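Examining the three-dimensional arrangement
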4 protein chains.
Amino acid sequence: MTVRVGVIGAGWIGHEHIRRLTHTVTGARVTAVTDIDAARAEAAAAPFGARVLSDGAAVVASDDVDAVLVTSWGPTHAEHVLNAIAAGKPVFCEKPLATTAEDCLRIIEAETAHGRRLVQVGFMRRYDAGYRQMKQVIDSGRIGEPLIVHCAHRNPTVPQSYTSAMAALDTAVHEVDVLRWLLDDEIVSTQVVTPRATGKRFAHLKDPQIMLFETAKGVRIDLEVFVNCQYGYDIQCEAVGEEGLVRLPDPAAVGVRTSAQHTTEVLTDWVGRFRDAFDTEFREWIATLAAGDEPTGPSAWDGYAATVITAATVEALETGRVVATDLKPRPTLYGGTA
Amino acid sequence: MTVRVGVIGAGWIGHEHIRRLTHTVTGARVTAVTDIDAARAEAAAAPFGARVLSDGAAVVASDDVDAVLVTSWGPTHAEHVLNAIAAGKPVFCEKPLATTAEDCLRIIEAETAHGRRLVQVGFMRRYDAGYRQMKQVIDSGRIGEPLIVHCAHRNPTVPQSYTSAMAALDTAVHEVDVLRWLLDDEIVSTQVVTPRATGKRFAHLKDPQIMLFETAKGVRIDLEVFVNCQYGYDIQCEAVGEEGLVRLPDPAAVGVRTSAQHTTEVLTDWVGRFRDAFDTEFREWIATLAAGDEPTGPSAWDGYAATVITAATVEALETGRVVATDLKPRPTLYGGTA
Amino acid sequence: MTVRVGVIGAGWIGHEHIRRLTHTVTGARVTAVTDIDAARAEAAAAPFGARVLSDGAAVVASDDVDAVLVTSWGPTHAEHVLNAIAAGKPVFCEKPLATTAEDCLRIIEAETAHGRRLVQVGFMRRYDAGYRQMKQVIDSGRIGEPLIVHCAHRNPTVPQSYTSAMAALDTAVHEVDVLRWLLDDEIVSTQVVTPRATGKRFAHLKDPQIMLFETAKGVRIDLEVFVNCQYGYDIQCEAVGEEGLVRLPDPAAVGVRTSAQHTTEVLTDWVGRFRDAFDTEFREWIATLAAGDEPTGPSAWDGYAATVITAATVEALETGRVVATDLKPRPTLYGGTA
Amino acid sequence: MTVRVGVIGAGWIGHEHIRRLTHTVTGARVTAVTDIDAARAEAAAAPFGARVLSDGAAVVASDDVDAVLVTSWGPTHAEHVLNAIAAGKPVFCEKPLATTAEDCLRIIEAETAHGRRLVQVGFMRRYDAGYRQMKQVIDSGRIGEPLIVHCAHRNPTVPQSYTSAMAALDTAVHEVDVLRWLLDDEIVSTQVVTPRATGKRFAHLKDPQIMLFETAKGVRIDLEVFVNCQYGYDIQCEAVGEEGLVRLPDPAAVGVRTSAQHTTEVLTDWVGRFRDAFDTEFREWIATLAAGDEPTGPSAWDGYAATVITAATVEALETGRVVATDLKPRPTLYGGTA
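Fair warning: this is a prediction, and the values are worked out from it, not measured in the lab. (Residues numbered from 1 in each chain as written. Chains lettered and ligands numbered in written order. Predicted model: local features only at pLDDT ≥ 70, side-chain atom pairs only at ≥ 80, totals over all residues. Heavy atoms only, no water.)

1. Comments concerning the packing of aromatic side chains
This model, assessed by the stated rule, comprises 32 aromatic pairs over all chains. A centroid spacing of 5.2 Å and a plane angle of 65° characterise the contact between F92 of chain C and W285 of chain C, whose relative ring orientation is edge-to-face. Within this pair, whereas F92 of chain C is found in strand β5 (residues 91-94), its partner W285 of chain C is found in helix α8 (residues 270-290), the two being separated by 193 residues in sequence. Residues F92 of chain C and W285 of chain C agree in their burial class; the two are buried. Aromatic pair Y233 of chain D and F274 of chain D: ring centres 6.3 Å apart, planes at 85°, arrangement edge-to-face. (Phe/Tyr/Trp six-rings, centres within 6.5 Å; stacked < 30°, edge-to-face > 60°. Helix = DSSP H or I, 4+ residues; strand = E, 2+ residues; numbered from the N terminus. Buried < 20%, exposed > 50% of the residue type's maximum accessible area, 1.4 Å probe, protein only.)

Have a look at this one:
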């Protein structure tokens, strides 16, 4: 059975996922596309044989759409996801689930009322082979109980439109999700330390930042976010436990020896770094839907937690204080007791 | 357009490729399967909605078969490939193309008469990301002209049915192909040196073996084949040039520190090591066919060269002599001048 | 010319340095030894042909002592160092220079009055080949201005006598010194974050701790101190600058592949990790004295800074607050302007 | 007790060892120096307070010489070593022990007649930390019985005076010794394969060469000697056994990430690569002599074996044939039964 997907939002990432669902993932077909820019929708739809529809509601309502993919502008996510839930259709929403905690909670309420998971949020790192190996090691008990995680998230450069708040909202949000999953734990407080800013950034920007998270179990996480590091796109993660540690590998790359140097390439964009993770993410999502099962990836609850924690981190940055995340109790639909 | 594939041979690798063409590669569908064991054919065909046909000729002739995949017992390959050429259908043949040089030459003759490439041989290493990076580095000139290549091909263990000749025919054959491609060069002589045999093998077996190849340009290759190395499945390759060297990376794996050791996992089977390469190999093959192009992967000529060179290596093992490979002139269809 | 050294304190480290000055470093000879335990002094002196003297003052005063090595109990350091300065004799004092800021300042005052450096403090990391390579890279400008340093200092276990304050005073003190030197910068504030404590420590101990330092130039340092990490003695340091980063190497160790694992040994004690650094430290100290030059290693000022910064870190641990280090102005003898 | 050393030959390496014995190794003093160039002898002796003597015989005979160091031109080694044996004085002879097998045998005969080891040959690799770790692993049985060793010995460039024969006599001789020691085995045959020569060498030179050795136990060794590899001084060694492998580490070096590359430095000269090994070599030699013990390093027998095996390798290069080494039976003084 082929899963027919309707796509809301045909920007770069939407286009990329349409291509992925068509050419890389089996068992799926994009049947409908919409975008606020009709020409862009047409350009994304036509090469893949999909129809262009007038708006998100039309995509959700369409008979030939089994599942919805939301890749529109962040502030519009909540509306489309709520529409999909109302229609009882599975929906994959690129991060963020919603830009406010309130909207996330409305989604959770709707999904809880529906009684079954429909929503998956696009945090692709859980599908990266290295993180999955890390989780296996942690879950195996080989390193004992986790106590500390050291992380770094570095981009070569960012455009002028990138703001200091985006370091949490757009960049650290990936670590927030993957660490909650890796540790099977919740982040309860957040703090931001600002080193001397690099000279190689637009003047308005606080870059780098060091974010300090504390979890419910008392694990401490330090995360360097450095989005103008110049040298490459580099993701580091090391979990230290009571009996040992486990470290995310660098991507495999040939070693070259020339001119008195041993050199391996460092990637320069996230697309190459997480291409396989994106592929696996969609492959597993489609397989789950094809089997008629609930999605197993990041849930609406995970989307809510990420929104709350990153917003608290922005507050921590702006106030210089330690900020508690004060998450609501977790409903049973998401493995909680509320 | 979906490429409809007919599969001849439903053993382990055939089954694996049927699964791959169905679930991993887009744009393909397995429509027909045959095997000398009808029950095995049925078991491979049914879950994927393919029909079982009586024999290879029926598969080749079937109207709903656009392209043929030959994964039967090696000695039968030539017949199926020749049938496919006669029918003017693209054919992917798992290695070896044929078990004798004569049969390979008959295929080359038939394909040459057809005037267009139809045949691709299943040497998957050319699709491995590490080897592709090596080729980029070599082709870029960064290490200068290649002079020496050091290789190792190690398996943890082999079954009793594995013979000393298979070290060349079944194992080293992969290096033979990938090195010819990496170096864009031809192997002109071969020699085998036999170290003391490991105690951890069936008594009839010469294991490990060191194969020494010389290319037309004078590059020397040493290849350790060690199929009972116990510790893992490990592929090493280092090309040394006039100005530097390039080395195949180990697969990325998390580092773990416990008990006074830093440890990374070594794989234990080739399936995991080359899974991505197999996927890419079939993805590119199907894409080429869907576009109506000639296959770009290992050609019948490459299959012929591999068969001749590995046969010469068996002779070298048995006689203790340096054996010339004496390949025929390369036809223009394969980039030669004959 | 042989430098004749008198040693005050014949405990483990004193004994080790006597052996080092006798057997590893050329140009030195230990002529006099004292210890509060006379038998221990005798045991340390006799095999090396040194005399046992009654107390530190006698060692400093002795005609056959050109230079003094202080390896006694920390609280006694200041007295011996002041004696040596009063006698105009070079003195190498194991860390700490003194246990209080006041005593450190008395030493600085005395040395400043003397007008020439006599004191060197035993921070051996500046002599480690890896840290020296890091400093070369930083000083070369290859990574641009430093912005962040990530460090870890891990010991397998500590005895029951180890206290939470010692994490700063005895353990982190090495990073405090080496980072001030690496960055050519001063630490102006300190903070401690305490993750969930490992179960594998004596109950009174806060372990691990994460120390956060800020420098005068705005560099932020995070230092994990984990003294019951079980798995090994492991020192990590990574400096991130505006254009790149530099990372301390792990000690070279053979790679072993067995049983599906690639393994390298992790050291389990600091003696092995820094043996070469200790040798170089004393070799350079003796060479400097033999040449009649002032010592070039860590100064009394560095000893003062380390004492103040680590004391502030203990206060930060105990209060949970960010603590300013409030160092006095640096006298010109130590490159300052006061 | 200080060991008083007389040095025969004050070229670069002699000068270096005089400096080492004076400044790096404790318990030794250079008292006498000779050289065919009297000015060079004076320049080497004066800064270290040693006397210049007229010739090697005078050094050996001198009352203030306890032990002799031979660092003269290779063809003169045998005469000086024989003189030292005749005088009953310990002698450290830089490689080669002698340039002909006959001269080596005369030394063995003399030392055997003396009844006690006096001679140590300067193969410093046995003192390298990495090789020592390799030997520990091999001797521990962790990798099982060794079967194959892969080696590479690369220099950036060599001067015009370097000949094709020197690849064996001066370069591979170090692997010949260290492999005999690592494996506790004897090399019984040798063969040379010559890849296409690099364009970056003087025209008369066969470079690189691949040497293939076979040991008495059947271990096969392949050794790439490439003395104009351009990129660095690089020593590789990997021993493959029945259950695993062990690999020599690269020297520890900081990792630097800049400009989309992770880089570690590759050394460019052997002096830096083996400085610590040289220091340890002389430290252990002097300690042995100071204790009145026989030297424990490479023996006259090892020197004989190295000379025979490298001469056979030159013959193999020149004839293209496999050449047996045909060593004499090993006398009991050297652990043999003859």
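2. Digging into helix α8 (residues 270-290) of chain B
Because the α-helix completes a turn every 3.6 residues, residues three or four places apart line up on one side. Residues and elements named next belong to chain B. The first and last C-alpha atoms of α8 sit 29 Å apart over 21 residues, in line with the 30 Å expected at 1.5 Å per residue. The sharpest bend along α8 reaches about 40° and sits at D276. Listed as buried for α8 are V271, R273, F274, A277, F278, D279, E281, F282, W285, I286, T288 and L289. Just past α8, the residue G292 takes up positive phi, approximately 75°. (Expected span 1.5 Å × (residues − 1). Bend = angle between axes of the 7 residues up to and from the residue.)

3. Section: the relation of the copies chain A and chain C
Superposing chain A onto chain C takes a rotation of 180° combined with a translation of 0.0 Å along the rotation axis, leaving an RMSD of 0.0 Å. Look at the turn and shift together and you get a two-fold axis relating the two. A symmetric contact is evident, with 100% of the interface residues of chain A recurring at the interface of chain C. (Least-squares fit on C-alpha atoms with pLDDT ≥ 70 in both. Contact = heavy atoms within 4.5 Å.)

4. Digging into the nonpolar core
All names here are of chain D. With 81 residues, the main nonpolar core has I107 and Y131 as its most contacted residues. Looking at this core, the element that brings in the most residues is helix α9 (residues 300-319), giving 11 residues. Residues within four places of I107 in sequence aside, it is in contact with A78, V81, L82, I85, L97, A98, V119 and A300. (Core = buried A, V, L, I, M, F, W, Y, C linked by side-chain atoms within 4.5 Å.)

5. A few points about the pattern of salt bridges
Inspection of every chain in the model, using the stated rule, returns 104 salt bridges over all chains. Here D234 of chain D makes a salt bridge to R257 of chain A, at a shortest N to O gap of 2.8 Å. Linking D234 of chain D in strand β11 (residues 234-241) with R257 of chain A in strand β13 (residues 255-258), this pair reaches from one chain into another. Here E238 of chain C and R247 of chain C are joined by a salt bridge, their closest N and O atoms 2.7 Å apart. With relative accessibility at 11%, the residue E238 of chain C sits in the buried group. Exposure remark for R247 of chain C: the relative accessible area of 22% places this residue in the partly exposed category. Via salt bridges that share partners, R154, E224, D234 and D250 of chain A, E238 and R247 of chain C together with R257 of chain D belong to a single interconnected network. (Salt bridge = Lys/Arg side-chain N within 4 Å of Asp/Glu carboxyl O.)

6. A word on the relation of the copies chain C and chain D
When chain C is fitted to chain D, the best match, at an RMSD of 0.0 Å, comes from turning it 180° and sliding it 0.0 Å along the axis. By residue overlap, the copies meet face to face through one surface: 100% of the interface positions of chain C are interface positions in chain D.

7. Focus: the UniProt feature "domain: Gfo/Idh/MocA-like oxidoreductase N-terminal" (unreviewed entry) in chain A
Residues annotated by UniProt as "domain: Gfo/Idh/MocA-like oxidoreductase N-terminal" (unreviewed entry) correspond here to residues 3-123 of chain A. Secondary structure over residues 3-123 of chain A splits into 42% helix and 22% strand, and the C-alpha atoms at its two ends are 21 Å apart. (UniProt positions renumbered as here; feature names shortened; annotations may be inferred.)

8. A look at the sheet that holds strand β4 (residues 67-70) of chain B
Residues and elements named next belong to chain B. Taking strand neighbours across the sheet as the criterion, the 6 strands line up as β3-β2-β1-β4-β5-β6 in an open arrangement whose pairing is parallel. Each of the sheet's edge strands pairs with one partner strand only, and the pair in question is β3 (51-52) and β6 (119-122). With 6 bridges joining them, strand β1 (residues 3-8) and strand β2 (residues 28-34) adopt parallel strand pairing. Across the sheet, the residue bridging to R4 is R29, located in β2. Strands in contact with helix α1 (residues 12-23) are β1, β2, β4 and β5 (91-94); relative to β2, the strand with the most contacts, it is inclined by about 155°. Against the sheet, α8 engages β1, β2, β4, β5 and β6, with an angle of about 160° to β5. (Pairing = 2+ DSSP bridges. Axes fitted to C-alpha atoms, helices over the stretch in contact; angles between N-to-C directions.)

9. Points about the sheet that holds strand β6 (residues 119-122) of chain C
All names here are of chain C. On the basis of which strands lie adjacent, the open sheet formed by 6 strands has the order β3-β2-β1-β4-β5-β6 and parallel pairing. The open sheet is flanked by β3 (51-52) and β6, the only strands paired with a single partner. As paired strands, β5 and β6 are joined by 4 bridges and run parallel to one another. Opposite F92, over in β6, you have Q120 as the bridge partner. On top of the sheet, α8 reaches β1 (3-8), β2 (28-34), β4 (67-70), β5 and β6; it is set at about 160° to β5, its chief contact.

10. Looking at the packing of helix α6 (residues 129-140) of chain C against helix α7 (residues 166-183) of chain C
Each pair of packed helices can be summarised by the angle the axes make with each other and by the distance between the axes. All names here are of chain C. As a packed pair, α6 and α7 sit with axes 10 Å apart at the nearest point and diverge in direction by 30°. As the angle between them shows, α6 and α7 are arranged roughly parallel. Packed against α6, whose contacting residues are Y131, R132, M134, K135, I138 and D139, the element α7 presents E175, V178, W181 and L182 at the interface. Of the residues assigned to the contact of α6 with α7, the class counts are 6 nonpolar, no polar and 4 charged. (Parallel < 35°, antiparallel > 145°, perpendicular 65-115°, else oblique. Nonpolar A, V, L, I, M, F, W, Y, C, P; charged D, E, K, R; others polar.)

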